[in-house]
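Next come the chains, spelled out residue by residue.
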Amino acid sequence: MAEMIFPADLKYTREHEWIRVEGNVGTVGITAFAQDQLGDVVFVELPPVGTEVKAGQQFGTVESVKTVSDLFAPVSGKVIEVNTALEKSPELVNQDPYGQGWMIKIELSNPAELDALLDAAAYQAFLKEGH
Amino acid sequence: MSGQPRSVEPLIFEISRPGKRAYSLPRLDVPAAPVEELIPAEYRREKPPELPEVAEVELVRHFTRLSRLNHGVDVDFYPLGSCTMKYNPKINEEVARLPGFAHTHPLQPEETVQGNLELLWNLERWLCEVTGMDRMTFQPAAGAHGELTGILLVRAYHRRRGETQRNKILVPDSSHGTNPATAAMAGFEVVTIPSDRQGNVDLERLKAALGPDTAALMMTNPSTLGLFDTNIEEVARLVHEAGGLLYYDGANLNALLGYARPGDMGFDVVHLNLHKTFSTPHGGGGPGGGPVGVKKELVPFLPVPVVEKAPDGRFYLDWDRPQSIGKVRSFYGNFGVAVRAYAYILAHGGEGLKAVAEHAVLNANYIQARLKDYYDLPYDRRCMHETVLSAKTLKETTGIKTLDVAKRLLDEGIHPPTIYFPLIVEEAIMIEPTETESKETLDRFIDAMIRIYHEAHQEPEKVKAAPVRTPVGRLDEALAARRPDIRWRRDEG
């Protein structure tokens, strides 16, 4: 796990999603740890633009050769963009989880929810506990 | 790491040559009528279909060779966890093929199929006795179908009582994926309950999740960890106090036959997998059977028809059930599967069924005891009919993953166990030997697992390259899933 990167400018969930906040918009994806655990991602199901998501609730699914996992929204708000490139190239989630493998952009309805998320150090400590 | 295919059987289209035939018809002895006169133009093909053209001997050899690439319980060990791949005694097949069973038509008058109805009536009573339920339907064609039927019964029960606010179904995090899928399909919201450190349902988290919106808790006991939930009576009490029902996923009933009954633990609805516990063929060799049993409060909602016995001893199908959820399948389910289960139960008797459970549990514990020094045992408890090990430490020390271990087992002629399930165990290896395997077979499997463990430390490359003795090597599963190539086209062939 030493080689895995957890950028310091992101916030993390205990369900292994990350969020990068710029202004009132958060970009969401899954962490390097999550994609490593899943193995080769073969399908990503994302909600349509305009969907209202709630913090901690499912917004989509990710399917790998091993398993299917739910994706959980780190914060509440409206989906204003989804990464349509993942339809044809789900492998981007494995290759570039914090970049081209992003999944949705959420217009935050309650930015205070960000305080409940983990920073990079806390997330790594959480992983060390064996999650 | 995609290995080159070693001896791939060509597609039948690839051995096709124009003009070859696998049949010859006798001379036409009636006047020939042009197809234009017989079939209206809009239903006629413009071009003949592109069917493969081969001689009979080529046809037979092609499919015989394909059949030899198969792995099944009749070929070798098949310890696929939670699937109960036990050997299916051949007498079941013989009985199911008796003309009185095999050649009946589902629309025959009742008086001409009294024996068939009697069989269903008896089997229902036997399975109710095994599970502690009051009545049962044989309509569902498989386990997941049984789950959906069972949850529709739960929904009908709450609706009848006017409790339409009960829109949540709880499932433990160790549950089969079909449980939450069933709940979602039946229109419920799914709430996952974590397991505690013993692998039981976490009682505090369960209490917190229960409420006036709880429709049911779906449980497999023993769970997919192969562990019996020792708090089951407390779980049942809590769910019932909240006004919910308890649903039993019968996938793992093999462990309990004759020793414990879901009905006595407090379960209200049970589905069975006849193709697991009662030795009828699985999947492609199926079809399956997923009977659903219920306690008396839910009997009015059972699918129609149900088999009844008149005071004069005559059997009949009762369609007059106004509260029934209706039909969930054509006719009465997969009748031939019921015949096989009937034969199996008759052959074993009560003591024999208890012995099934005893040997299933003994075999799993033997494997667990012999392998736990090599593979991690995340829940170190006496297991039931299956044991869940993990290659977590092996992966950390050697880089050899559960997937590699599974692939290497193929070289031993053994079907790998279920892997990466249950989801709460990292690098999970879920082994269910079943009662039908001898100590010699178990030892051969265990020795292979130990050999792979040592190989992982000494020659990891060999394990990563496995399998090498199968018709094809390691396939690119990701590419196959991302860009499936499953259709032959003439221009590409």
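Small disclaimer: the values here were computed from a predicted structure and weren't measured.

Scanning chain A from N- to C-terminus turns up 4 helices and 9 strands. Along chain A, helices and strands appear, N-terminal first, in the series β-β-β-α-β-β-β-β-β-α-α-β-α. At 13 Å, chain A has a C-alpha radius of gyration in line with the 14 Å of a compact globule built from 131 residues. Over its C-alpha atoms, taken along the principal directions, chain A stretches across nearly 35 × 35 × 20 Å. When contacts within chain A are restricted to residue pairs at least 6 apart in sequence, those whose partners lie at least 24 apart make up 62%. Accessible area of chain A: about 6,300 Å², with a carbon and sulfur share of 49%.

Our focus in this paragraph is empty space enclosed by the protein. Over the atoms, a rolling probe the size of a water molecule traces out where space has been left empty. All names here are of chain B. Enumeration according to the criterion identifies 4 cavities of 30 Å³ or more in this entry. In this structure, the largest cavity encloses a volume near 100 Å³. Lining the largest cavity are Leu120, Glu124, Met136, Thr137, Phe138, Gln139, Pro305, Val306, Val307, Leu317 and Tyr332. Of all the secondary-structure elements, those providing two or more residues to the lining of the largest cavity are helix 5 (114-131), strand 1 (135-137) and strand 8 (306-309).

The next thing to look at is a nonpolar patch on the surface. The grouping of Val35, Leu38, Ile39 and Tyr43 of chain B at the surface amounts to a nonpolar patch, some 430 Å² of accessible area in total. Its place among the elements puts Tyr43 of chain B in the loop between helix 1 (35-38) and helix 2 (56-68).

This part takes up the nonpolar core. All names here are of chain B. Counting residues in each nonpolar core, the largest one holds 57 residues, and the members touching the most others are Leu127, Leu206, Val235 and Phe278. Going through the elements one at a time, helix 5, strand 3 (189-193), helix 8 (203-209), strand 4 (214-219), helix 9 (232-241), strand 5 (245-249), strand 9 (315-318) and helix 12 (335-371) are the ones with two or more residues in this core. For this core, the domains that each give at least three residues are domain 1 (90-346) and domain 2 (355-480). Those residues in contact with Val235 that sit more than four places away from it in its chain are Val201, Leu203, Leu206, Leu217, Met219 and Leu246.

Moving on, we get to the domain arrangement of chain B. All names here are of chain B. Segmentation of chain B into domains returns domain 1 (90-346) and domain 2 (355-480). When each unit is reduced to the centre of its C-alpha atoms, the spacing between domain 1 and domain 2 is 31 Å. Contact residues are listed per partner, giving 26 residues for domain 1 and 19 residues for domain 2. Interface area, domain 1 with domain 2, both sides summed: about 1,700 Å², of which 60% is carbon and sulfur. Connecting domain 1 to domain 2 are 0 salt bridges. On inspection of domain 1 and its partner domain 2, the count reaches 8 residue pairs in polar contact (both at pLDDT 80 or more).

What follows deals with the environment of Ala357 of chain B. All names here are of chain B. Mapping Ala357 onto the fold places it in helix 12. Given the relative accessible area of 2%, Ala357 is considered buried. With 236 residues separating them in the primary sequence, Ala357 and Trp121 have C-alpha atoms 25 Å apart. Among residues more than four places away in sequence, those in contact with Ala357 are Asn254, Ala255, Leu256, Leu257 and Tyr259.

Further remarks concern the interface of chain B and chain A. Each partner contributes to the interface: chain B provides 10 residues, whereas chain A provides 11 residues. A buried area of about 840 Å², summed over both sides, lies between chain B and chain A, and 48% of it is on carbon and sulfur atoms. The largest contributions to the chain B side of the interface with chain A come from Tyr420, Glu426 and Arg482 of chain B, which together make up 50% of the buried area. At the junction of chain B with chain A, the criterion picks out 3 residue pairs in polar contact (both at pLDDT 80 or more). Tallying contributions element by element places helix 17 (residues 477-482) of chain B first for the side of chain B that touches chain A, with 4 residues.

Time to look at helix 12 of chain B. A rise of 1.5 Å per residue sets the reference length of helix 12 of chain B, with its 37 residues, at 54 Å; its end C-alpha atoms lie only 41 Å apart and thus fall more than 12% short of the reference. Taken as a whole, helix 12 of chain B carries its principal kink of about 100° at Gly349 of chain B.

This part covers the pairing of strand 10 (residues 387-390) of chain B. Residues and elements named next belong to chain B. Of the two faces of strand 10, both are covered, the one formed by Thr387 and Leu389 as well as the one formed by Val388 and Ser390. Both strand 10 and strand 12 (residues 428-431) contribute to a ladder of 4 bridges, which runs antiparallel. Paired with Val388 across the two strands is Met430, which belongs to strand 12.

So, on to unusual backbone geometry. Residue and element names in this part refer to chain B. Here Val304 and Pro305 are connected by a cis peptide whose omega angle stands at -10°. Its place among the elements puts Pro305 in the loop between strand 7 (292-294) and strand 8. Backbone torsion omega between Phe421 and Pro422 reads -5°, so that peptide bond is classified as cis. Within the secondary structure, Pro422 sits in the loop between strand 11 (418-419) and strand 12. The phi angle at Thr84 is positive, at roughly 50°, despite the residue not being glycine. Inspection of the secondary structure assignment puts Thr84 in the loop between helix 2 and helix 3 (90-96). Of note in the backbone geometry, Thr434 takes a positive phi value of approximately 70° without being a glycine. Residue placement: Thr434 occurs in the loop between strand 12 and helix 15 (439-458). On the basis of relative accessible area, Thr434 is assigned to the buried category, the value being 1%.

About the cut-offs
Residues numbered from 1 in each chain as written. Chains lettered and ligands numbered in written order. Predicted model: local features only at pLDDT ≥ 70, side-chain atom pairs only at ≥ 80, totals over all residues. Heavy atoms only, no water. Helix = DSSP H or I, 4+ residues; strand = E, 2+ residues; numbered from the N terminus. Rg over C-alpha atoms; globule rule 2.2 N^0.38 Å. Contact = heavy atoms within 4.5 Å. Areas by Shrake-Rupley, 256 points an atom, 1.4 Å probe, with all protein chains shown as cover. 1 Å grid on protein atoms, 1.4 Å probe; cavity = no way out; pocket = protein on both sides within 12 Å on 5 of 7 lines; lining within 4 Å. Points joined across faces, edges and corners; volume = space filled by probe spheres on them. Patch = residues over 30% accessible without salt bridge, like charges linked within 9 Å, V, L, I, M, F, W, Y side chains within 5 Å. Salt bridge = Lys/Arg side-chain N within 4 Å of Asp/Glu carboxyl O. Core = buried A, V, L, I, M, F, W, Y, C linked by side-chain atoms within 4.5 Å. Buried < 20%, exposed > 50% of the residue type's maximum accessible area, 1.4 Å probe, protein only. Domains from an automatic or database assignment. Buried area = accessible area lost by both parts, 1.4 Å probe. Polar contact = N/O pair within 3.5 Å; in protein donor to acceptor, adjacent residues only side chain to side chain. Expected span 1.5 Å × (residues − 1). Bend = angle between axes of the 7 residues up to and from the residue. Pairing = 2+ DSSP bridges.

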